[in-house]
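Observations on the model geometry
Each chain, letter by letter, is given below.
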Amino acid sequence: MVKVLIVDDEEVYRIQLSLALLAEGYEIKTAVSGREAVDVGARFRPDVVLTDWMLKNHIHGLHVAEVLRLVKPDMRSILVTGFPSKHLREAATRSLVQDFIEKPFRRDQVLQSVLDVCQMAPICREVEQVAVMEVDNEDGIVYANERAKQLLLSAGIEGDGLTLHDVLDGEQAFDLDKAVSSWAAVPIQGNPKVLCHVRAQGAGMMGSRLLVIRPSNEPQYMGTSLIEMLLGLDATGEVIWPFASRVLIIDDDPLLWRVFTCALESTGAVCYASDNIEEIERIIRGDDGLNIVVHDYEIAGLDPCESIKRIKSLRPGVRIVGTSAGLHQEDFLRLGVGDYLHKPWKVQDLIKILGGPGSARQGLEEVQLLGRHSTGPFGR
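Overview of the structure. (Residues numbered from 1 in each chain as written. Predicted model: local features only at pLDDT ≥ 70, side-chain atom pairs only at ≥ 80, totals over all residues. Heavy atoms only, no water.)

A few words on the overall build of the protein. Looking only at helices and strands, one finds 13 helices and 15 strands in the protein. Buried residues in the protein amount to 54% of all 380 residues. Sequence-distant contacts in the protein: of pairs separated by 6 or more residues, those separated by 24 or more amount to 64%. Working note: accessible area of the protein is about 17,000 Å², and carbon and sulfur atoms make up 51% of it. (Helix = DSSP H or I, 4+ residues; strand = E, 2+ residues; numbered from the N terminus. Buried < 20%, exposed > 50% of the residue type's maximum accessible area, 1.4 Å probe, protein only. Contact = heavy atoms within 4.5 Å. Areas by Shrake-Rupley, 256 points an atom, 1.4 Å probe, with all protein chains shown as cover.)

Shown next, in the form of structure tokens:
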């Protein structure tokens, strides 16, 4: 039976998608947030993840697909969104998403998409070749992905019913708590011994624990952020996005908008990116929770005077922050934009300009994060 994980923070979508797929014989689990999707999905190990892009926390739909592919590299993924910008489509392609569905959608469209991706060849890449295991409360190995099995086989270890004591060297079973706060160096049992680094999930999560094993002779930096998300170690650090509003980055440099959106998302913000005025207008019209725009001055084919005027007409209370790599602060002032950041900027700089943690919501309306669609997922 094909297993499908449905991830959406709107209950009506989860229910209607679940009923539609259950009726076709799929095994279903659901999740409300990105964090829950990772925790449930790592243990459910779906054949297909059907996920909304915009989720409640800083783990969005593309993160979910990438992280779960660490556990099950042949997993297929479908991204659902009401705001299908060009940049999001490009990001979905980089994240190896096999299909892209716009809200609202029809029941038959979703069923056909799941059927289609199940028939596609799996897409794997180097960063996904990570050895992942799940162990129970008695340190018994519940699951090992293919990379983990290969690693153990290279040390002469194979078979069912293995425990950590059978796999990791030591007179007593390896204490996973030592590998929660940092990577722990430990040899693999067998002949020859293989020195590895182990990172583990904290105890008490979902009734089992996940761990990642990396041979010491392999690059230790690959996929670090995804591994931290998988293990629940993805704290946002000292910088936390203090605003209710979502953010639109208007920039035509692919490298820079990726850097800026990734930096903002790491603090808990939800971001869009675009350099096309029609798409910008569609995003603003579709999301009442978007009240902050970071606008570059020099964008090919986009007149900043016209775009700023149209943005303000669509969203009178919007907070626009100008940015550029050149000397355009006075140009923004003439356009009525007093907030300015010189590129490249940091998230801390943007937060400071917008008011800082102490006055984070001054001048910003509270937004309803879940009020994007009220008519249900299936169009007429």
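Moving on from the coordinates now.
Another point: the packing of helix H10 (residues 277-286) against helix H11 (residues 304-314). Relative orientation of the contacting elements H10 and H11 amounts to 20°, with a least axis distance of 10 Å. Classified by the angle between their axes, H10 and H11 sit roughly parallel to one another. The two elements H10 and H11 meet at a crossing, and its hand is right-handed. Residue-level inspection shows Ile-277, Ile-280, Glu-281, Ile-284 and Arg-285 of H10 in contact with H11, the latter providing Ser-307, Arg-310, Ile-311 and Leu-314. (Axes fitted to C-alpha atoms, helices over the stretch in contact; angles between N-to-C directions. Parallel < 35°, antiparallel > 145°, perpendicular 65-115°, else oblique. Left-handed = near helix turned anticlockwise from the far one by under 90°.)

Let us now look at the pairing of strand S5 (residues 99-102). Pairing of strand S4 (residues 76-81) with S5, which is carried by 4 bridges, proceeds in the parallel orientation. Looking across to S5, one finds that Thr-81 is bridged to Glu-102. At this point the chain moves from S4, through helix H4 (residues 86-94), to the parallel S5, and the crossover so formed is right-handed. (Pairing = 2+ DSSP bridges. Right-handed = clockwise from strand over helix to strand, strands pointing away.)

This brings us to the sheet that holds strand S8 (residues 184-188). If you walk across this open sheet you meet the 5 strands as S7-S6-S10-S9-S8, and the pairing is antiparallel. One side of each edge strand has no neighbouring strand; the edge strands of this open sheet are strand S7 (141-144) and S8. Each strand axis lies, on average, 35° off the axis of its neighbour in the sheet, ignoring direction. Sheet topology note: the strand S9 (residues 194-200)/strand S10 (residues 209-215) ladder contains 5 bridges and is antiparallel. Among the inter-strand pairings, Arg-199 is bridged to a residue of S10, identified as Val-212. Along the sheet, helix H6 (residues 146-154) makes contact with strand S6 (131-135), S7, S8, S9 and S10, crossing S6 at roughly 95°.

A separate point is the pattern of salt bridges. For the structure on display, the rule yields 20 salt bridges. For the salt bridge of Asp-39 with Arg-35, the shortest nitrogen-to-oxygen distance reads 3.0 Å. Highlighted residues: Asp-39 and Arg-35, both in helix H2 (residues 34-44), separated by 4 residues, approximately one helical turn. Among the salt bridges present, the one from Arg-246 reaches Asp-287, with a minimum N-O distance of 2.5 Å. Placement of Arg-246 in strand S11 (residues 246-250) and of Asp-287 in the loop between H10 and strand S13 (290-296) is noted, with a sequence separation of 41 residues between them. A relative accessible area of 1% means that Asp-287 is categorised as buried. One network of salt bridges, in which partners are shared, links Asp-8, Glu-10, Asp-52 and Lys-103. (Salt bridge = Lys/Arg side-chain N within 4 Å of Asp/Glu carboxyl O.)

On to helix H9 (residues 254-266). Taking 1.5 Å of rise per residue, 13 residues should cover 18 Å, and H9 covers 18 Å from first to last C-alpha, within 8% of that figure. Within H9, the full set of buried residues consists of Trp-257, Phe-260, Thr-261, Leu-264 and Glu-265. Projected onto a plane normal to the axis of H9, the buried residues spread over an arc of 130° and lie on a single side. In this structure, the buried residues of H9 make contact with helix H3 (61-71), H4, S11, strand S12 (271-274) and helix H13 (347-354). Two residues or fewer past H9, Gly-268 is found with a positive phi of approximately 110°. (Expected span 1.5 Å × (residues − 1). Arc of directions from axis to C-beta.)

What follows concerns the sheet that holds strand S2 (residues 27-31). Spatially, S2-S1-S3-S4-S5 is the arrangement adopted by the 5 strands of the open sheet, whose pairing is parallel. For this open sheet the edge positions go to S2 and S5, each flanked by a neighbour on one side alone. Each neighbouring strand pair of the sheet contributes to a mean axis angle of 20°, computed without reference to strand direction. Each of strand S1 (3-7), S2 and strand S3 (48-52) is contacted by helix H1 (residues 11-22), which is oriented at about 170° to S2, the strand it contacts most. Its contacts with the sheet place H4 against S4 and S5, and it is angled at close to 150° to S5.

Moving on: the environment of Lys-29. Residue placement: Lys-29 occurs in strand S2. Here the alpha-carbon distance between Lys-29 and Ser-18, two residues 11 residues apart in the chain, equals 8.1 Å.

This brings us to the pairing of S13. Within S13, 7 of the 7 residues are buried, which leaves the element mostly enclosed by the surrounding structure. Where S13 meets strand S14 (residues 319-324), 5 bridges bridge the pair, whose relative direction is parallel. By the bridge assignment, His-295 is partnered in S14 with Gly-322.

By secondary structure assignment, the location of Glu-27 is in strand S2. Since its relative accessible area comes to 33%, Glu-27 is described here as partly exposed. C-alpha separation for the pair Glu-27 and Met-1, spaced 26 residues apart in sequence, amounts to 6.5 Å.

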